[in-house]
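If you want the building blocks of each chain, they are given just below.
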Amino acid sequence: MGKSNKCKAKKQSYISVPSQIITSLSSSSLQSLLLSPKKAHLNSSFFVGHNYSCRRPRVCLSALFLFVLVGLLRLGWNVNTLVLCSQSFGSNAGKVGERDHQLLVTNQLQSPRPLHLESEFWKQPDGMGYRPCLELSAKYRKASEAILNGRSKYLLVVVSGGMNQQRNQIVDAVVIARILGAALVVPVLQVNIIWGDESEFSDIFDLGHFKRVLADDVRILSSLPSTHVMTRPVEEKLTPLHVSPQWIRSRYLKRMHIDTILFVQKINKEGVLLLRGLDSRLSKDLPPDLQKLRCKVAFQALRFAPPILELGNKLARRMQSKGPYLALHLRIEKDVWVRTGCLPGLSKEYDEIVHNERRRHPEFLTAKSNLSYHERKLAGLCPLNAFEVTRLLKALGAPRSARIYWAGGQPLGGKEALSPLTREFPHFYNKEGLALPGELEPFANKASFMAAIDYIVSEKSDVFMASHGGNMGHAIQGQRAYAGHKKYLTPNKRHMLPYFVNSSLPEAEFNRIIKELHQESLGQPELRSSKAGRDVTKYPVPECLCKRNKTT
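Remember, it's a predicted structure, so these values are computed and weren't measured experimentally. (Residues numbered from 1 in each chain as written. Predicted model: local features only at pLDDT ≥ 70, side-chain atom pairs only at ≥ 80, totals over all residues. Heavy atoms only, no water.)

A.B. asks: Go over the packing of helix α20 (residues 386-395) against helix α21 (residues 414-424) with me, naming the residues and quoting the values.
C.D. replies: Relative orientation of the contacting elements α20 and α21 amounts to 25°, with a least axis distance of 7 Å. With respect to their mutual orientation, α20 and α21 come out roughly parallel. Contact with α20, carried on its side by Ala386, Phe387, Val389, Thr390, Leu393 and Lys394, involves Ala417, Leu418, Pro420, Leu421 and Glu424 of α21 and no other residues of that element. When the residues that make up the contact of α20 with α21 are grouped by side-chain class, the tally is eight nonpolar, one polar and two charged. (Axes fitted to C-alpha atoms, helices over the stretch in contact; angles between N-to-C directions. Helix = DSSP H or I, 4+ residues; strand = E, 2+ residues; numbered from the N terminus. Parallel < 35°, antiparallel > 145°, perpendicular 65-115°, else oblique. Contact = heavy atoms within 4.5 Å. Nonpolar A, V, L, I, M, F, W, Y, C, P; charged D, E, K, R; others polar.)

This is the structure we're talking about:
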């Protein structure tokens, strides 16, 4: 009896769960961790029929043990606990040490990750041995000394748009400063007229880390030196799209033609140049050293500020504690439908809302085209709505038990717009649902902060998918490639959508076709050089990722 009591005590300690873990999980998620899938009901006649009775104590005791074992397994108890308890009835059984106790507690809290990862959906693509390689040439390193010691040229930049768009412009600002041999003053984040976010660079990004990582490439200053504080900078507003380093040097530093003589004289005298609207102004096809610098800024230097990083990592760990998860960037906010010339497909009421907004603000429509909505849809130019995302995920093998973190703003139509996803995938979370009371309060009304948190949780996911490209999707695609080609689903909209409208197609055949269409869209290494004009921060192979020899 003494040993039996000890065993019961140990069982209780093994399934104890810290209260903070309980509060961080939703009730449905906690239930899914504690309860295993339903199994066939055991026939009660095993105990009351077939001539079994307690007149044979050994048989009865064995049957009772089996019944208890099955029952405890249904509750999610660790088999190791039962084995240890059964061993305590033997003459050679010893006490369970503190180390074994901690191990069992850890096993109880661990997510069923290995079981989930057996699913084909969670399988990662073959990275083909690509690893980061940002070694710069001797010529680049030699030129760095003069650039870092220079005190005659300073570059001011104002970056606009959302947080991910600002990231792209900051990357280009560093590269332009290097091309000019100028010191870069910490970029100014323009107040976003849509979200009203007044955050500064150091609010969103780790400024000290940014300076340290780029210390051998560009001199970065927090502000202009006192000798130039009163200087009126030369503002350049005429930079065309996709300019080359040669164009930048010619325009800003050399007297190439009469129209630029006065301009060049002024910049040489004043030494301060102000650039705005850098989005896509710098060519995507640069010399190898400058492409590596781009990657260095995007993947190493631009780290989020500690408070954002801490909370983002905390939410990511909460998602990981429940098993592997998919991060889904849904682009179904009202402004997206307005800008793309597409319709949400919810109802006539919501279609009319989009039409009215477009009529009131025709400048919002960035998709200049004579195509009708249906033509745009079939051409793959529209975001996927929640119903289409659901069908795609199911066809690609996402299990119903899959945990999904959705990033992005509030969708047009609210919960109704998300209902196809939440019905099929009940383990559906966003940052507001994962955060504990008060955790998001310091970031309230800060769109850039919220976007940064979405970025962190999405980047750490097992699988990522964006419903319609965008700056965040492109940035995470490159980041996941740089991290070893973590799985990234790219919906093949133009080829798959005709099958979505074919109601006569059997579900099994539909699934087979969709899987076949996406065999090469799972985040495998893809050469940037195969298509001119691609951004190296989206396709870092081969400039920033290369195959290393085993001996290196």
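Let us keep going from here.
A.B. asks: Explain the pattern of salt bridges to me, and be specific about the residues and the numbers.
C.D. replies: Close approach of charged atoms lets side chains of opposite charge pair. In the structure shown here, the tally under the stated rule is 21 salt bridges. As a salt-bridge pair, aspartate 206 and arginine 303 come within 3.1 Å of each other at their nearest N and O atoms. Here aspartate 206 is found in the loop between α11 (201-204) and α12 (207-213), whereas its partner arginine 303 is found in the loop between α15 (288-301) and α16 (306-320), with 97 residues between them in sequence. For arginine 303, a relative accessible area of 33% gives the class partly exposed. Ionic pairing is found between aspartate 535 and lysine 284, a salt bridge with its closest N-O pair at 3.6 Å. (Salt bridge = Lys/Arg side-chain N within 4 Å of Asp/Glu carboxyl O. Buried < 20%, exposed > 50% of the residue type's maximum accessible area, 1.4 Å probe, protein only.)

A.B. asks: Requested: an account of the state of the cysteines, with residues and values cited.
C.D. replies: One pass over the structure, following the stated rule, counts three disulfides. A sulfur-sulfur distance of 2.0 Å marks the disulfide that ties cysteine 342 to cysteine 382. Disulfide cysteine 342-cysteine 382: the torsion about the S-S bond is -85°, which places it as left-handed. Taken together, the residues cysteine 342 in the loop between α17 (334-340) and α18 (348-360) and cysteine 382 in the loop between α19 (373-378) and α20 connect sequence positions 40 residues apart. The same class applies to cysteine 342 as to cysteine 382, namely buried. (Disulfide = S-S within 2.5 Å.)

A.B. asks: Got a sec to walk through the sheet that holds strand β10 (residues 428-429)? Specific residues and values, please.
C.D. replies: The strand order across the open sheet formed by five strands is β10-β9-β8-β11-β12, and the pairing between neighbours is parallel. Every interior strand has two partners, whereas the edge strands, β10 and β12 (487-489), have only one. Both strand β11 (residues 463-466) and β12 contribute to a ladder of three bridges, which runs parallel. Its bridge partner lying in β12, phenylalanine 464 is registered against tyrosine 488. Against the sheet, helix α24 (residues 470-482) touches β8 (325-329), β9 (403-407), β11 and β12, its axis set at about 150° to β12. (Pairing = 2+ DSSP bridges.)

A.B. asks: Tell me what's going on with the environment of valine 171, and back it up with residues and numbers.
C.D. replies: Positionally, valine 171 belongs in helix α10 (residues 163-180). Expressed as a C-alpha distance, the spacing of valine 171 and lysine 296, which sit 125 residues apart in the sequence, is 8.9 Å. Contact partners of valine 171, with chain neighbours within four places excluded, come to Arg294, Val297, Ala298 and Leu302.

A.B. asks: So, the packing of aromatic side chains: which residues are in play, and what are the values?
C.D. replies: Counting across every chain of the model gives 11 aromatic pairs. Aromatic pair tryptophan 247 and tyrosine 252: ring centres 6.1 Å apart, planes at 80°, arrangement edge-to-face. Exposure remark for tryptophan 247: the relative accessible area of 28% places this residue in the partly exposed category. Over the ring of phenylalanine 121 we find lysine 487; its NZ or CZ atom is 5.3 Å from the centre of that ring. Positioned above the aromatic ring of tyrosine 539 is the side chain of arginine 534, whose terminal nitrogen or guanidinium carbon lies 4.1 Å from the ring centre. (Phe/Tyr/Trp six-rings, centres within 6.5 Å; stacked < 30°, edge-to-face > 60°. Lys NZ or Arg CZ within 6 Å of the ring centre and 35° of its normal.)

A.B. asks: Can you explain the pairing of strand β7 (residues 272-276)? Please cite residues and give values.
C.D. replies: Of all five residues making up β7, four are buried, and the element is well covered by its neighbours. Two elements, strand β2 (residues 154-159) and β7, share five bridges in a ladder whose sense is parallel. Paired with valine 157 across the strands is leucine 275, a residue of β7. When strand β6 (residues 234-236) meets β7, the two strands line up parallel, connected through three bridges. From the neighbouring strand, valine 234 faces β7, where its bridge partner is leucine 273.

A.B. asks: Which residues make up empty space enclosed by the protein, and what values do they have?
C.D. replies: The full count for this structure, using the stated rule, is three cavities of 30 Å³ or more. Taken together, 14 residues form the lining of the largest cavity, with Arg167, Asn168, Val171, Ala298 and Thr537 sitting closest to its centre. Breaking the lining of the largest cavity down by element, the ones donating at least two residues are α10, α15 and α24. Both domains that meet at the lining of the largest cavity, namely domain 1 (138-260 + 267-301) and domain 2 (306-547), each give it at least three residues. (1 Å grid on protein atoms, 1.4 Å probe; cavity = no way out; pocket = protein on both sides within 12 Å on 5 of 7 lines; lining within 4 Å. Points joined across faces, edges and corners; volume = space filled by probe spheres on them. Domains from an automatic or database assignment.)

A.B. asks: Which residues make up unusual backbone geometry, and what values do they have?
C.D. replies: For the bond from valine 541 to proline 542, the omega torsion is 10°, close enough to zero to count as cis. Among the secondary structure elements, proline 542 is positioned in the loop between α26 (507-517) and β13 (545-547). One non-glycine residue, methionine 128, lies in positive phi territory at about 55°. Examined against the element boundaries, methionine 128 turns out to sit in the loop between α8 (113-117) and β1 (130-132). The exposure class of methionine 128 is partly exposed, given its relative accessible area of 42%. Even without being glycine, histidine 485 reaches a positive phi, approximately 60°. Within the secondary structure, histidine 485 is located in the loop between α24 and β12. Taking the relative accessible area as the measure of exposure, histidine 485 reaches 3% and is therefore buried.

A.B. asks: Give a description of the pairing of β9 that names residues and reports values.
C.D. replies: Counting buried residues in β9 gives five out of five residues, a clear majority hidden from the surface. Sheet topology note: the β8/β9 ladder contains five bridges and is parallel. Bridge pairing links alanine 327 to tyrosine 405 in β9. Pairing of β9 with β10 involves two bridges; the strand directions are parallel. Across the sheet, the residue bridging to tyrosine 405 is tyrosine 429, located in β10. Following the backbone out of β9, through α21 and into the adjacent parallel β10, one traces a crossover that is right-handed. (Right-handed = clockwise from strand over helix to strand, strands pointing away.)

In short, geometric facts, not functional conclusions.
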